[in-house]
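Remarks on the overall topology
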Amino acid sequence: MSEQPQILFKYRNVENYNNIDVYMKHEGYAAARKALQMEPDAVIEEIKASGLRGRGGAGFPTHIKWNGIPKNWDKPHYLVINADEGEPGTAKDRELMNKMPHLLVEGCIIAARAIRSNRCYIYIRGEYMEPGQSVRKAIQEAYDKGFLGKNIQGSGFDLDIHVHMGAGSYECGEESALMSSLMGERGMPRHKPPSAPLPVISGVWDSPTIVNNVETVATAAPILNMGGAAYGKIGSGRSLGTKLFTVSGHVNKPANYEFVLGTPIREILETAGGPLNGKPLKFFIPGGSSTPLFPATDKFLDLPLDYETMMANGSMLGSGGLMFFDEGVSVPALMTRLMHFYAHESCGKCTPCREGTNWLTKIHDRIMAGGGRHEDIDLLLDICNNIGGRSFCALGDAAAMPIQGALKYFRHEYEALIPDRSLSSRIYAPLPVAAG
Amino acid sequence: MFTVEAKEQLDNIVKKYPTKRAALLPALWLAQEQYDGWLPPEALREVAGYLEMPPAEVEGVATFYTMYNKEKIGKFHIEVCHNIACMVRGADALIDQIGEKLGIGKGETTPDGKFTLSGAECLGACANAPCMMIGAKYFEDLTPEKVDAIVEEYKKK
Ligand SMILES: Cc1cc2nc3c(=O)[nH]c(=O)nc-3n(C[C@H](O)[C@H](O)[C@H](O)COP(=O)(O)O)c2cc1C
Ligand code: SF4
Ligand code: FES
């Protein structure tokens, strides 16, 4: 197995690492001090050299986002941290916030410095009361030590961080819906280009805004400590550095792991203890429930887990939720559960997603209940095609893509559930025209 | 009614945002605490009055989010994750087990008002599946034995 440098998880096993004194004994806040002495654009240059891409799902290059904030802007603008972590299969931000909250706080200082923002909100999903408390405590400790507030460490730079708790909505993880929610509205996405400007120009309270995932921002501190160029030497292509993966499902040691981007999936599976009780695996989902599945064959298990390879094979790296399923799992049954989830979480703003997710759910329910019709499979694909690219935000695609993946590799499992195919096609054949 | 302390808390929350409206989610959380775990109409009116918003608008926001309870629920809300990572590690059997123990089904409350049982979407503990929460507390790596013990413990509370 290849060597796996631990960057975010370097001090994971240090006792009381969530305490600021302990954190500071392990390189803590050295990167923040560094950033405060650097010009903001120099901080962005370091991030650029590191090749860091967003860890929240879309993989957008972080430095491009940060560079998008107007440089001569002297009115308030905002750094918003996406700690909504709702993508099924993903549990990494929770561990980061529970066990290493100062990595996040320090990352916020660095990111805020880079974009010259004095105000940061950390939007944490409502269920995460415990991580919320952990982050609040870390923020308070940082204020007490003079790493937050006015004139931080004599640098002349001010920063306040506030925790904002969500209240139960997957859609609020979508960045524009998150901004709506932060402003006290329903968690619905806002207008985007071309009808409205990007968040970096006009986000929360019509001010320039950066939204970044917890892990993305937490990585900023280690990057400054080791140097952007050194971080960028890890990994390959456009998938640089390490990433946290939540390995779940049918493995012996499910947990969060840190791997170099591009590590073969088989190696991750082995590190996670291999298939649960040795039972053969049937398929896996590489990056959270919204990313299309792959059969657990040699061909796919040998793929390197990185942005480009997943994309080239019709899936995505997503949020890093790697889920394994053994041969006992029915693909249609799993998809039925997922469709209920997406239909429930659809915010209802646009028709293709609102209606489409409902139909995907209904058709799955009837197939599972034994009432599936011969034409249902094509109907599913048809609905997916109508959602894909036609819905207002990416939740629609997130619901459609898993079905497309499931039918690409496991269409036979759906077919086997549809009872008497000849009978069903007779019932739905055109009625004979009465004579006379 | 909000207590004096709660009102003070609310004043401090409002200061964190550039608009009063932005304090709506935290204000609803606070109201839910003040009103015994749910948001009766008077709670919504009180929040609306404080934030100078139309009550209908406050209600529209409150109904969007699943964690704001629009009806009175049990003292202990047991929410078992039934999303896919938990589903394949036995979540459905756990829900049945708890339901049988308490004599209620998914979405129901015991007659004494002590427990409400729900299925939940991914709780972000997929690597420790199956999992559930009771109130704000997480319980992970569940087994039938563990669940039995937890429910017994809460029955005594
Ligand atoms: C339905 C939906 C849910 C999402 N949920 C999350 C989430 O919980 N956490 C997150 O960081 N990004 C989530 N995203 C992605 C965000 O929209 C956005 O891309 C991300 O926060 C950007 O941060 P990054 O560049 O650091 O990755 C979600 C996207 C969609 C469409
Ligand atoms: S795709 Fe449309 S309905 Fe679905 S969540 Fe996004 S905006 Fe709402
Ligand atoms: S699927 Fe149950 S916690 Fe994620």
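Just so it is clear, the structure is predicted and the values come from calculations on it, not from any experiment.

Buried accessible area, meaning the area lost when the parts come together, often serves as the stated size of an interface. Contacts between the two partners involve 57 residues from chain A and, on the opposite side, 37 residues from chain B. Between chain A and chain B lies a buried interface of about 3700 Å² when both sides are counted; carbon and sulfur atoms form 62% of it. Scanning the region where chain A abuts chain B turns up two salt bridges. Here Arg94(A) and Glu140(B) are joined by a salt bridge, their closest N and O atoms 2.5 Å apart. Linking chain A with chain B are 21 residue pairs in polar contact (both at pLDDT 80 or more). Breaking the side of chain A that touches chain B down by element, the ones donating at least two residues are β2 (119-124), β3 (160-165), α8 (175-182), β7 (242-249), β8 (255-260), β13 (321-326) and α15 (331-345) of chain A. With seven residues, α15(A) is the largest single contributor of residues to the side of chain A that touches chain B. Residues belonging to the side of chain A that touches chain B are distributed by class as follows: 29 nonpolar, 19 polar and nine charged.

Once that is clear, we can look at the sheet that holds β13(A). The pairing of strands in a sheet comes from backbone hydrogen bonds and takes either a parallel or an antiparallel form. Residue and element names in this part refer to chain A. Read from one edge to the other, the open sheet built from five strands follows the order β8-β7-β13-β10-β11, with strand pairing classed as mixed. Strand pairing shows two members of the sheet lacking a second neighbour, β8 and β11 (294-295), which therefore form its edges. Judged from the two bridges that link them, strand β10 (residues 281-285) and β11 form a sheet pairing that is antiparallel. Bridge pairing links Phe-284 to Phe-294 in β11. In this fold helix α5 (residues 92-99) packs onto β7 and β8, with an angle of close to 115 degrees to the strand it touches most, β7.

Annotation of chain B at the domain level lists domain 1 (4-64) and domain 2 (76-155). For domain 1 of chain B and domain 2 of chain B, the distance between their C-alpha centres works out to 29 Å.

All right, on to the site of ligand 2 then. Residues and elements named next belong to chain A. Taken together, 13 residues sit near ligand 2, with Pro-189, Cys-347, Cys-350, Cys-353 and Cys-393 positioned nearest. When atoms are counted within 2 Å of each cavity's grid points, the one that captures over half of ligand 2 is the largest cavity. Tallied by class, residues from the shell around ligand 2 come to seven nonpolar, four polar and two charged.

What counts, and at which threshold
Residues numbered from 1 in each chain as written. Chains lettered and ligands numbered in written order. Predicted model: local features only at pLDDT ≥ 70, side-chain atom pairs only at ≥ 80, totals over all residues. Heavy atoms only, no water. Contact = heavy atoms within 4.5 Å. Buried area = accessible area lost by both parts, 1.4 Å probe. Salt bridge = Lys/Arg side-chain N within 4 Å of Asp/Glu carboxyl O. Polar contact = N/O pair within 3.5 Å; in protein donor to acceptor, adjacent residues only side chain to side chain. Helix = DSSP H or I, 4+ residues; strand = E, 2+ residues; numbered from the N terminus. Nonpolar A, V, L, I, M, F, W, Y, C, P; charged D, E, K, R; others polar. Pairing = 2+ DSSP bridges. Axes fitted to C-alpha atoms, helices over the stretch in contact; angles between N-to-C directions. Domains from an automatic or database assignment. Near = heavy atom within 4 Å. 1 Å grid on protein atoms, 1.4 Å probe; cavity = no way out; pocket = protein on both sides within 12 Å on 5 of 7 lines; lining within 4 Å. Sits in = over half its atoms within 2 Å of the grid points.

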